[in-house]
There are 2 protein chains.
Amino acid sequence: MLERERHSLILKLVEERSIVSVGDLLDLLGASEATIRRDINTLAERGEVKRIRGGAEAVRPRHQPHLVGMPFSLSQDISVPQKRAIARAAAELITAGESIIINGGTTTFALVEFLAEHDLDILTNSFPIAAKLLATSRNRITLPGGTIFREQNIVLSPFDNDTIENFWGNKLFTGCYGLNRFGIMEADPLIVQAQTKLLKRTEDVIVMADSSKLRQKSAMIVTGLERISTIITDDGAKPEELEVFKAAGIKVIVASVTEDDELQKLA
Amino acid sequence: MLERERHSLILKLVEERSIVSVGDLLDLLGASEATIRRDINTLAERGEVKRIRGGAEAVRPRHQPHLVGMPFSLSQDISVPQKRAIARAAAELITAGESIIINGGTTTFALVEFLAEHDLDILTNSFPIAAKLLATSRNRITLPGGTIFREQNIVLSPFDNDTIENFWGNKLFTGCYGLNRFGIMEADPLIVQAQTKLLKRTEDVIVMADSSKLRQKSAMIVTGLERISTIITDDGAKPEELEVFKAAGIKVIVASVTEDDELQKLA
DNA sequence: TCGCATCTGATTGTATATGATCGATTCGTA
DNA sequence: TACGAATCGATCATATACAATCAGATGCGA
């Protein structure tokens, strides 16, 4: 990872969580402690973050720490190979001619790549997903009506008389902010709203969650485990972490990251 | 691989990912490190990318996620200078903070260029218009729900309980297939349907029709002249062709094609 | 086909970034 | 206040990126 990439990643993270520890960054950036310290110090000198013991802090502290999910443009770069592996496994669950729903998010965005050859009816609230599907596939695409929220990149209507009331999907594919014994958790109220709407339009809920999501918590539960039929994660997940889902009768699929996925970063 | 090819590939990659490392490009271009450095430096001198240690960065700020290119090749390059002149005149009718509706079409697509600095509430059924607005402006964008029709590039729902029932526009900007004493004519039933829906959501209908449209006829009348408040055309229109509209109490604006508009073709 | 100009890839020396180590400092806690 | 643990900054060896240079390859026009 380039110095510049680390810097912008740190900046976004700091902006998002208002505070990040060196330890967090260690996992996330895959760089050494020394480098991360240097990065933080550089950014602090430029006045872009505030240096604090153990990490970095936003210059303008946020009132509600940890309540907002990462903006699309940032989380796009995180766990790319895992997301791709999960997306490939998810695509295998789809059969030709089906009608599916794709909730917006970077994990589900990775799914689009594997839908190029399909012949599907797809409903998605994600503008980028719709755009990519439009450009790279021949699937029929339906959008819900509403305003485009730039940060989250989703289309959402504040009203009830939604066009999607007339859509029914065999399967809903969704990512999440966190996934644990309480169910699907999200950090952004807007995303909760969007996801809740989609949940009503299907029975079969498939959650695509890379293993880091299993350790992530937040304040908002979108839905409990009873609503989930399948979970797809990557091989970074510990078996004991998955027990609770299996006990709840959920089908758990562990996708292996292939070499191709690793390389995909470059392509 | 030719230098040109490498350059455009690098630009494309930088555009897509915001940052590319020399190492990435090494694998991808199959050229030597020295060549890649030279390429990056050349592009940096031209200001097309930013040189950073270890690679290249997009000039455009990172926040705007990149949208996949949209197919919209149809009649896009017909009468470009006229359309641009008309679009500029149309943009002058818009005041800040307004809420407007833009019907899909190549003439109205030209309008987007002139909305970059505005602060508007915009409803459009056109996917490309929404995409371009999203990428180039800070306006609030609303989409109607429905399926994306690829050929016409519009979003249209076959149902009545439409999200746009909750939208009201001060002005509707629309193109047309033909425009004459009968009113607005269209050739595609789908477009008629889309346009009809939008007509209900405003009082002030502004038709953008280059002069060739005044001689064009078709089988389907979308609405009569009484519904139209303003017509914008170009100076290719003969005065006598415009009489019938003026007689119907419609404001007619004739936009002059400037040199800049002519040149825009090439850009 | 030849010769010139340009492009390309390898090499070199230098500058910079990185990661590991270690002693110093700070923090939490008793 | 005293202790251990965590964090920090400094230092150094190594790894990586860089510009400059040159020889060979390639393209192009005469």
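Above this text sits the structure in question.
Residues numbered from 1 in each chain as written. Chains lettered and ligands numbered in written order. Predicted model: local features only at pLDDT ≥ 70, side-chain atom pairs only at ≥ 80, totals over all residues. Heavy atoms only, no water.

## A closer look at the overall build of chain A
Next up, step 1: For chain A, the helix and strand inventory stands at 10 helices and 15 strands.
Next up, step 2: When burial is assessed residue by residue, chain A has 56% of its 267 residues classed as buried. (Helix = DSSP H or I, 4+ residues; strand = E, 2+ residues; numbered from the N terminus. Buried < 20%, exposed > 50% of the residue type's maximum accessible area, 1.4 Å probe, protein only.)

## A few points about the interface of chain B and chain A
Many descriptions give the size of an interface as the accessible area lost when the pieces come together.
Next up, step 1: At the interface, 48 residues of chain B touch 41 residues of chain A.
Next up, step 2: When chain B packs against chain A, the two sides together hide about 3700 Å² of surface, and 58% of this comes from carbon and sulfur.
Next up, step 3: The tally of links between chain B and chain A comes to one salt bridge.
Next up, step 4: Put simply, chain B and chain A have 13 residue pairs in polar contact (both at pLDDT 80 or more) between them.
Next up, step 5: Of all the secondary-structure elements, those providing two or more residues to the side of chain B that touches chain A are helix 1 (3–17), strand 1 (19–21), helix 2 (22–29), strand 2 (49–52), strand 3 (55–58), helix 6 (127–136), strand 6 (140–143) and strand 7 (146–149) of chain B. (Contact = heavy atoms within 4.5 Å. Buried area = accessible area lost by both parts, 1.4 Å probe. Salt bridge = Lys/Arg side-chain N within 4 Å of Asp/Glu carboxyl O. Polar contact = N/O pair within 3.5 Å; in protein donor to acceptor, adjacent residues only side chain to side chain.)

## Comments concerning the protein's contact with DNA strand C
Next up, step 1: Within the structure, DNA strand C sits among 15 residues, and Thr35 and Arg38 of chain A together with Arg6, Thr35 and Arg38 of chain B are positioned closest to it.
Next up, step 2: Among the atoms of DNA strand C close to the protein, meaning within 4 Å, 63% are from sugar or phosphate groups.
Next up, step 3: In the environment of DNA strand C, a phosphate oxygen lies 2.8 Å from a nitrogen or oxygen atom belonging to the side chain of Arg6 of chain A.
Next up, step 4: The separation between a phosphate oxygen of DNA strand C and a polar side-chain atom of Thr35 of chain B is 2.6 Å.
Next up, step 5: Residue assignment for the surface near DNA strand C shows that the elements contributing at least two residues are helix 1 (3–17) and helix 3 (33–45) of chain A together with helix 1 and helix 3 (33–45) of chain B.
Next up, step 6: For the surface near DNA strand C, the per-class residue count stands at three nonpolar, four polar and eight charged. (Near = heavy atom within 4 Å. Nonpolar A, V, L, I, M, F, W, Y, C, P; charged D, E, K, R; others polar.)

## Focus: the environment of Glu92 of chain A
Residue and element names in this part refer to chain A.
Next up, step 1: By the element assignment, Glu92 lies in the loop between helix 5 (80–91) and strand 4 (99–102).
Next up, step 2: Assessed through its relative accessible area of 63%, Glu92 is described here as exposed.
Next up, step 3: Linking Glu92 and Phe114, residues 22 residues apart in sequence, is a C-alpha distance of 8.9 Å.

## Points about the protein's contact with DNA strand D
Next up, step 1: The full set close to DNA strand D counts 16 residues, and Arg37 and Gly54 of chain A together with Arg37, Arg53 and Gly54 of chain B are the nearest of them.
Next up, step 2: For DNA strand D, the fraction of protein-proximal atoms (within 4 Å) that sit in sugar or phosphate groups is 75%.
Next up, step 3: Ile52 of chain A places a main-chain nitrogen or oxygen 3.4 Å from a phosphate oxygen of DNA strand D.
Next up, step 4: A distance of 2.5 Å separates a phosphate oxygen of DNA strand D from a polar atom in the backbone of Gly54 of chain A.

## Some details on helix 2 (residues 22–29) of chain A
Next up, step 1: All buried positions along helix 2 of chain A are accounted for by Val22, Leu25 and Leu29 of chain A. Down the axis of helix 2 of chain A, the buried side of the element spans an arc of 60°, and every buried residue falls inside it. (Arc of directions from axis to C-beta.)

## Quick word on the side chain of His7 of chain B
Next up, step 1: As for its placement among the helices and strands, His7 of chain B is situated in helix 1.
Next up, step 2: Those residues in contact with His7 of chain B, other than ones at most four positions away along the chain, are Asp39, Thr42, Leu43 and Arg46 of chain B.

## Side note on the pattern of salt bridges
Next up, step 1: Under the definition given, this model contains 20 salt bridges over all chains.
Next up, step 2: The shortest N-O distance in the salt bridge between Arg140 of chain A and Asp121 of chain A comes to 3.1 Å. Of this pair, Arg140 of chain A sits in strand 6 (residues 140–143) while Asp121 of chain A sits in strand 5 (residues 121–124), and the two are 19 residues apart along the sequence.
Next up, step 3: The class for Arg140 of chain A is partly exposed, based on a relative accessible area of 45%.
Next up, step 4: Across the pair Lys213 of chain B and Asp210 of chain B runs a salt bridge, and its minimum N-O distance is 3.6 Å. Comparing Lys213 of chain B with Asp210 of chain B, the two get one shared label, buried.

## Some words on helix 3 of chain A
Residue and element names in this part refer to chain A.
Next up, step 1: For helix 3, built from 13 residues, the straight-helix expectation of 18 Å at 1.5 Å per residue is met to within 8% by its first-to-last C-alpha distance of 18 Å.
Next up, step 2: Buried within helix 3 we find Thr35, Ile36, Asp39, Ile40 and Leu43. Mapping the buried residues of helix 3 onto a view down its axis gives an arc of 135°, with all of them on the same face. For helix 3, the exposed residues lying more than 90 degrees away from the buried face are Arg38 and Glu45.
Next up, step 3: One or two residues past the end of helix 3 sits Gly47, with phi positive at roughly 80°. (Expected span 1.5 Å × (residues − 1).)

## Focus: the sheet that holds strand 2 of chain B
Residue and element names in this part refer to chain B.
Next up, step 1: On the basis of which strands lie adjacent, the open sheet formed by three strands has the order 1-3-2 and antiparallel pairing. If you trace the sheet from one side to the other, it starts and ends with strand 1 and strand 2, each paired once. The mean inter-strand angle of the sheet, taken between neighbouring strand axes irrespective of direction, is 25°.
Next up, step 2: Sheet topology places strand 2 next to strand 3; four bridges connect them, and they run antiparallel. By the bridge assignment for strand 3, Arg51 is matched with Ala56.
Next up, step 3: The strands touched by helix 1 within the sheet are strand 1, strand 2 and strand 3, with strand 1 carrying the most contacts at an inclination of about 125°.
Next up, step 4: Each of strand 1 and strand 3 is contacted by helix 2, which is oriented at about 75° to strand 1, the strand it contacts most. (Pairing = 2+ DSSP bridges. Axes fitted to C-alpha atoms, helices over the stretch in contact; angles between N-to-C directions.)

## Brief notes about the nonpolar core
Next up, step 1: Among the nonpolar cores identified, the biggest contains 67 residues, and Leu111 and Leu115 of chain A together with Leu111 and Leu115 of chain B are the most heavily contacted of them.
Next up, step 2: Setting aside its immediate chain neighbours within four residues, Leu115 of chain A contacts Ile94, Ile100, Ile102, Leu120, Ile122, Leu133, Ser137 and Asn139 of chain A. (Core = buried A, V, L, I, M, F, W, Y, C linked by side-chain atoms within 4.5 Å.)

## Things to note about the sheet that holds strand 3 (residues 55–58) of chain A
Residue and element names in this part refer to chain A.
Next up, step 1: With antiparallel pairing, three strands are arranged side by side in an open sheet as 1-3-2. At either end of the open sheet lies a strand with only one pairing partner, and these are strand 1 (19–21) and strand 2 (49–52). Each strand of the sheet is rotated relative to its neighbour by a mean of 25°, with strand direction disregarded.
Next up, step 2: Taken together, the three bridges between strand 1 and strand 3 define a ladder with antiparallel strand orientation. In the sheet register, Ile19 faces strand 3, and the bridge partner there is Glu57.
Next up, step 3: Sheet contacts for helix 2: strand 1 and strand 3; angle to strand 1, the most-contacted strand, approximately 75°.

## Focus: the packing of aromatic side chains
Next up, step 1: One pass over the full model with this rule turns up one aromatic pair over all chains.
Next up, step 2: Note on Phe127 of chain A and Phe127 of chain B: the rings are 4.7 Å apart at their centroids and 10° apart in plane angle, and the pair reads as stacked. A residue pair is termed interchain when its members come from two chains, as with Phe127 of chain A in helix 7 (residues 127–136) and Phe127 of chain B in helix 6. Across the pair, Phe127 of chain B and Phe127 of chain A agree in class, each one buried. (Phe/Tyr/Trp six-rings, centres within 6.5 Å; stacked < 30°, edge-to-face > 60°.)

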